Amino acid sequence: MGLDQSFVTNGSWKPDLFKGKVLFVTGGAGTICRIQTEAMILLGANAAIVGRNPEKTKQAAREMDELRPDCKVIACPNTDVRDVHSIAKAVENTVEQLGRIDFVIAGAAGNFLSDFNHLSSNAFKSVVSIDLLGSFNTVKACFEQLKKNKGSIIFVSATLHYYGIPFQIHVAAAKAGVDALSNALAVELGPLGIRSNCIAPGGIEGTEGLKRLVPDLDSFTSKIPMGRLGTTRDIAEATVYLFSPAASYVTGTVQIVDGGAWHTGNNSTSHLYPVKLVELNTQKVNKL
Ligand code: COA
């Protein structure tokens, strides 16, 4: 469910916190990034929603444009984060229509469960290209604006690379790279006034990721220390904090928002380990 005006009236944040600022978000039509964006809009920002799918991207932008009477939310459809020129065009469009970019959320991502044996080289490359190269490309294309406005970046990372989770080799490698990218950018770009941080969500209810990646939801949820799944609002609150002046000395960090879940070592495919995994990895696959 999306956010509404009660996020401002009953929430923890000052109205107009981001007045006059512009957010550029990849993956903004998806579940998590959409609510991150809604929170920013409700608190005064304008936004550019960047996505591959034309209908989905345009519809999300139209709906978010209704969130505040005076807001401007534009769509940058047909944009593939794997192609830096494609994002550069979206940046140009955003600056033309909204005047500037202050905040960047690099959220576009892809995922599926696969054992190593069935994960082709192309499948690995596909996820690394979207998650890691796509994150690099997004900042690359936004760099002039970030410099000009002493902007701030949030990468949407994960916790699954903190130890070896099976069936997630491709995403773990990509997200470890995203964390490294963010840390190095924090150091390189800090002197220019640009901050770079990651948010690492745990299992967030209502997301495609949860549907695709967690076959037994009840068992998974029962082992989360906070006793519930995360919500998209939990991620939105962390986003507002990291972009707000309250976090002006916070850079090169990963804000984990997972109810303490990763500390327990519980993961969505524990029940398939090791028997099913060994079975899958033993099969003969005629493809590299
Ligand atoms: N298991 C194993 N391999 C898979 C797979 C799965 N479930 N899904 C895709 N792949 C492989 C494909 O077979 C292909 O490899 P191949 O050429 O060796 O056959 C490769 O991944 C690329 O697939 P393609 O269909 O061309 O996808 P894409 O480049 O458009 O990338 C993905 C998109 C792969 C990330 C796809 O899963 C996707 O679009 N997901 C929807 C969005 C999403 O995942 N959101 C995030 C949820 S957390």
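From a predicted model like this one, the values you see are computed outputs, not experimental measurements.

What counts and how
- What you see as residue numbers is a count from 1 along each chain, following the sequence as written.
- Reporting of local features is limited, given that this is a predicted model, to residues whose pLDDT is at least 70; pairs of side-chain atoms are given and counted only at 80 or more, and all residues count toward the totals for whole chains, interfaces and linings.
- Values reported for side chains reflect all heavy atoms of the structure, with hydrogen atoms and water molecules removed beforehand.
- Put simply, DSSP marks the helices as runs of H or I at least four residues long and the strands as runs of E at least two long, and each gets a number from the N terminus on.
- Exposed residues in this analysis have more than 50% of their type's maximum accessible area, buried residues have under 20%, and partly exposed residues fall in between, with area computed by a 1.4 Å probe over protein chains only.
- Contacts were defined at the residue level, with two residues in contact if any of their heavy atoms lie within 4.5 Å.
- Being near a molecule or strand, for a residue, comes down to having at least one heavy atom within 4 Å of it.
- Think of a polar contact as two N or O atoms within 3.5 Å of one another; within protein, one of them needs to be a possible hydrogen donor and the other a possible acceptor, and neighboring residues in sequence only count if both atoms come from side chains.
- Areas reported here follow the Shrake-Rupley algorithm with a probe of radius 1.4 Å; residue values treat only the protein chains shown as occluding.
- Comment: axis = line fitted to C-alpha atoms, over the contacting stretch for helices; angle = value between 0 and 180 degrees taken between N-to-C directions.
- Note on terminology: angles under 35 degrees are roughly parallel, angles over 145 are roughly antiparallel, angles of 65 to 115 are roughly perpendicular, and the others are oblique.
- What makes a crossing left-handed is the near helix being turned counterclockwise from the far one by less than a right angle; a clockwise turn instead makes it right-handed.
- Each residue is assigned to one class: nonpolar for Ala, Val, Leu, Ile, Met, Phe, Trp, Tyr, Cys and Pro, charged for Asp, Glu, Lys and Arg, and polar for all the others, Gly among them.
- Salt bridge, as used here, is a side-chain nitrogen of Lys or Arg placed within 4 Å of a carboxyl oxygen of Asp or Glu.
- At least two DSSP bridges between two strands are required for those strands to pair.
- Crossover handedness is defined by viewing with both strands directed away from the observer: a clockwise path from the first strand over the helix to the second marks the crossover as right-handed.

Engineer: Would you explain the environment of S182 in this entry?
Structural biologist: Locating S182 in the fold gives a position in helix α6 (residues 169-189). With a relative accessible area of 0%, S182 lands in the buried category. Here the alpha-carbon distance between S182 and S157, two residues 25 residues apart in the chain, equals 9.9 Å. Not counting the four nearest positions on each side in its chain, S182 is found in contact with F155, S196, N197 and C198.

Engineer: Is there a simple way to explain the site of the ligand in this structure?
Structural biologist: Neighbouring the ligand are 16 residues; N111, S120, N122, S126 and K287 lie closest to it. In the environment of the ligand, an oxygen atom lies 3.0 Å from a nitrogen or oxygen atom belonging to the side chain of R82. Between the ligand and the protein, one listed contact pairs an oxygen atom with a side-chain N or O atom of S126 at 2.8 Å. When the ligand sits alone it has 930 Å² of accessible area, and the protein chains cover 58% of it. Listed by contribution, the elements that provide at least two residues to the shell around the ligand are α5 (121-149) and α7 (208-213). Here the element with the most residues in the shell around the ligand is α5; it accounts for 4 residues.

Engineer: When you look at the side chain of K175 in this model, what are you seeing that I'm missing?
Structural biologist: Following the sequence through the fold, K175 ends up in helix α6. The exposure class assigned to K175 is buried, which follows from its relative accessible area of 7%. There is a polar contact of 2.9 Å between the side chain of K175 and the backbone oxygen of V156. Excluding its chain neighbours within four sequence positions, the residues that come into contact with K175 are A109, D131, V156, S157, A158 and H161.

Engineer: Which parts of the structure should I look at to understand the packing of helix α2 (residues 31-42) against helix α3 (residues 54-64)?
Structural biologist: Describing two packed helices takes the angle between their axes plus the distance from one axis to the other. The interhelical angle for the contact between α2 and α3, taken along N-to-C directions, is 30°, at an axis separation of 11 Å. Compared by their axis directions, α2 and α3 come out roughly parallel. Read as a crossing pair, α2 and α3 show a hand that is right-handed. Together, R34, T37, E38 and I41 of α2 and A60, E63 and M64 of α3 make up the contact between the two elements. Residues belonging to the contact of α2 with α3 are distributed by class as follows: 3 nonpolar, 1 polar and 3 charged.

Engineer: Could you clarify how one ought to interpret the pattern of salt bridges in this entry?
Structural biologist: Where charged atoms of side chains with opposite charge meet at close range, the side chains can pair. Counted by the stated rule, this structure contains 11 salt bridges. Among the salt bridges present, the one from E38 reaches R34, with a minimum N-O distance of 3.0 Å. With E38 and R34 both in helix α2, this residue pair falls 4 residues apart, about one helical turn. There is no split in this pair, since E38 and R34 are both buried. E63 is the partner of R34 in a salt bridge, and the nearest nitrogen-oxygen pair spans 2.9 Å.

Engineer: Is there a simple way to explain the pairing of strand β3 (residues 73-76) in this structure?
Structural biologist: Regular strands have side chains that alternate between both faces of the sheet. Bridging between strand β2 (residues 46-50) and β3 involves 4 bridges; their strand directions are parallel. Directly across from V50, in β3, lies its bridge partner C76. Chirality of the crossover, the property in question, places the unit of β2, α3 and β3 among those that are right-handed.

Any functional reading would require information that these geometric values do not contain.
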